[in-house]
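# Results of the structural survey
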Amino acid sequence: MRSIKLVVLLAMLFSATAFANNDVYIEQIGNSSTITITQQGADNKIGTPTTPAFIGGGSNIVTIDQIGDANQLQFVVNGASTNMALNVVGSNNTQTINCGTTTSASCSGSTINQTITGDGNQTTVNLGAGANHTSLMTVTGSDNIITHTSTSAGTTSADITVSGNTNTIGVTQSGTLTNTVVLSTTGNNNTVSITQSN
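Notes on the structure follow. Predicted, not measured: the structure shown is a model, and the values here were computed from it.

Time to look at the sheet that holds strand E16 (residues 179-186). Strand order in the open sheet formed by seven strands is E3-E6-E8-E10-E12-E14-E16, and the pairing between neighbours is parallel. Every interior strand has two partners, whereas the edge strands, strand E3 (34-40) and E16, have only one. The average angle at which neighbouring strand axes cross in this sheet is 5°, direction not considered. Note: strand E8 (residues 83-89) against strand E10 (residues 111-117), seven bridges, orientation parallel. Counted as the bridge partner of Asn87 is Thr115 from E10.

Structural data, given as structure tokens:
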């Protein structure tokens, strides 16, 4: 029933936004997922015809807003309790989200939450299987590049706030212990690289 509801929802979205050339290619599999997708503007894309955005099983709740033009989102998200909420206000932003990183892996207890206001930002979240991951990004500005990667078997969290333009931020977490990063940058042309491991 959930898959049927998803197909109906996407069909309605395609009909409502066809004039704007927005595309959604998605594959949802099983369990109690709740999915809401809104695209406003033109040439916004989620997935591709050959590589649809995949959600997977578990108790996933996925909410996606893309408001503006030419925003692109790729994601896998196959976790046990993944709660992913994405919001974009602007144009030409690119987001890549992998939770578990493969279509057979889990991403237990994960939270992925991105709020982006601006143009030309690139955000990437790669989380390994099994651990309790939390990845939060708030971006206000343009042309920023932000990456959060975790292969940790422990509990990891990254809360990244960027205000400004042309910043490059990278957080990498690994190991078996608890790792926490709270990062806030203000201004332009900053480069920050953080590696946590045990």
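Now for the sheet that holds strand E1 (residues 23-24). Taken in spatial order, the eight strands line up as E1-E4-E7-E9-E11-E13-E15-E17 in an open sheet, and their pairing is parallel. Of all the strands in the sheet, just E1 and strand E17 (191-196) have a single pairing partner and so form its edges. Bridge analysis of strand E9 (residues 94-99) against strand E11 (residues 122-127) gives six bridges, and the strand direction is parallel. In the sheet register, Thr96 faces E11, and the bridge partner there is Thr124.

With respect to the helices and strands, Thr185 occurs in strand E16. Classification of Thr185 as buried rests on a relative accessible area of 8%. Each residue touching Thr185, except ones within four places of it in the same chain, is listed here: Thr161, Val162, Ser163, Ile169 and Val192.

Let us look at the pattern of salt bridges. Under the criterion given, the structure shown has one salt bridge. Residues Lys45 and Asp23 are paired through a salt bridge, measuring 2.9 Å at the closest nitrogen-oxygen approach. Taken as a pair, Lys45 in strand E4 (residues 45-46) and Asp23 in strand E1 lie far apart in primary sequence, 22 residues in all. Lys45 sits in the partly exposed class, given a relative accessible area of 30%. On the basis of relative accessible area, Asp23 is assigned to the partly exposed category, the value being 22%.

Time to look at the pairing of strand E7 (residues 72-75). Here E7 shows a clear split, with Leu73 and Phe75 buried on one side and none of Gln72 and Gln74 buried on the other. Two strands pair when backbone bridges link them, and E4 and E7 are joined in this way by two bridges, in the parallel orientation. Within the sheet, the bridge partner assigned to Ile46 lies in E7 and is Leu73. Of the strand pairs in this sheet, E7 and E9 are connected by four bridges, and their pairing is parallel. Counterpart to Leu73 in the pairing with E9 is Gln95.

Procedures and definitions
- Numbers given to residues run from 1 along each chain, matching the order in which its sequence is written.
- In keeping with the predicted nature of the model, local features appear solely for residues at pLDDT of at least 70, side-chain atom pairs appear and are counted solely at 80 or more, and the whole-chain, interface and lining totals rest on all residues.
- Each side-chain value is worked out from all heavy atoms of the structure, with water and hydrogens disregarded.
- Here, strands pair whenever DSSP counts at least two bridges between them.
- Only DSSP runs of H or I covering at least 4 residues are called helices, and only runs of E covering at least 2 are called strands; the numbering of each starts at the N terminus.
- Helix axes are fitted only over the stretch in contact, all axes being lines through C-alpha atoms; the angle between N-to-C directions runs from 0 to 180 degrees.
- Only protein chains enter the accessibility calculation, which uses a 1.4 Å probe; a residue whose area is less than 20% of its type maximum is buried, one above 50% is exposed, and one in between is partly exposed.
- Throughout, a contact is declared for two residues whenever any of their heavy atoms are within 4.5 Å.
- Note on definitions: salt bridges are taken to be side-chain nitrogens of Lys or Arg within 4 Å of carboxyl oxygens of Asp or Glu.

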